[in-house]
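A closer look at the structure
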Amino acid sequence: MEELIARISANVGTDPATATKAVGLILAFLQKEGPADKVGELISGFPGAEAAIAEAQSGGGLLSGLMPGVMGLGSKLMGIGLGMGEISGISKETIAFAREKAGSGPVDEVVNSIPGLSQFV
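Note that this is a predicted model, so its numbers are computed, not measured. (Residues numbered from 1 in each chain as written. Predicted model: local features only at pLDDT ≥ 70, side-chain atom pairs only at ≥ 80, totals over all residues. Heavy atoms only, no water.)

Here's the deal with the overall build of the chain
Across its full length, the chain holds seven helices and zero strands. The linear arrangement of helices and strands in the chain, starting from the amino end, is α-α-α-α-α-α-α. For 121 residues, the compact-globule estimate of 2.2 N^0.38 gives 14 Å, and the C-alpha radius of gyration of the chain, at 13 Å, lies within 12% of that figure. With the C-alpha coordinates of the chain rotated into their principal frame, the extents come out at 30 × 30 × 25 Å. Taken over 121 residues, the chain has a buried fraction of 41%. Excluding contacts between residues fewer than 6 apart, the proportion of contacts in the chain whose partners are at least 24 apart in sequence is 69%. (Helix = DSSP H or I, 4+ residues; strand = E, 2+ residues; numbered from the N terminus. Rg over C-alpha atoms; globule rule 2.2 N^0.38 Å. Buried < 20%, exposed > 50% of the residue type's maximum accessible area, 1.4 Å probe, protein only. Contact = heavy atoms within 4.5 Å.)

Structure representation (structure tokens):
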């Protein structure tokens, strides 16, 4: 996880604490919305994913929003202070990292199973 957070900080310019929250929210979203078996493969190959998800889920209602799906995730990410450019950069870095660690197969299946997600990653 530290490798991903350093990459996001360097390439997107987001501070490490916010980047960590954002990654946790993204992974928790994938876990909630994607096919359980493929998300399980993604998470098991992604160092620190389970801890990031747990932290996001304990974040005081960040995962309980009115809007479902990708738009709801975007709203939550904006709620932690991210702009659209940062959200796009963090999302792309997170998915690229997941592909490196867990393989393209399960990651692409998760992304393709969630309506609207592929246009952001």
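Section: the pattern of salt bridges
With the rule as written, the count across this model stands at eight salt bridges. A salt bridge links Arg7 to Glu3, with the nearest nitrogen and oxygen atoms 3.7 Å apart. Of this pair, Arg7 and Glu3 both sit in helix α1 (residues 2–12), separated by four residues, roughly a single helical turn. Note that Lys38 and Glu109 form a salt bridge whose closest N and O atoms lie 3.8 Å from each other. Of the two residues, Lys38 sits in helix α3 (residues 36–44) while Glu109 sits in helix α7 (residues 104–113), which places them 71 residues apart along the sequence. With a relative accessible area of 42%, Glu109 lands in the partly exposed category. (Salt bridge = Lys/Arg side-chain N within 4 Å of Asp/Glu carboxyl O.)

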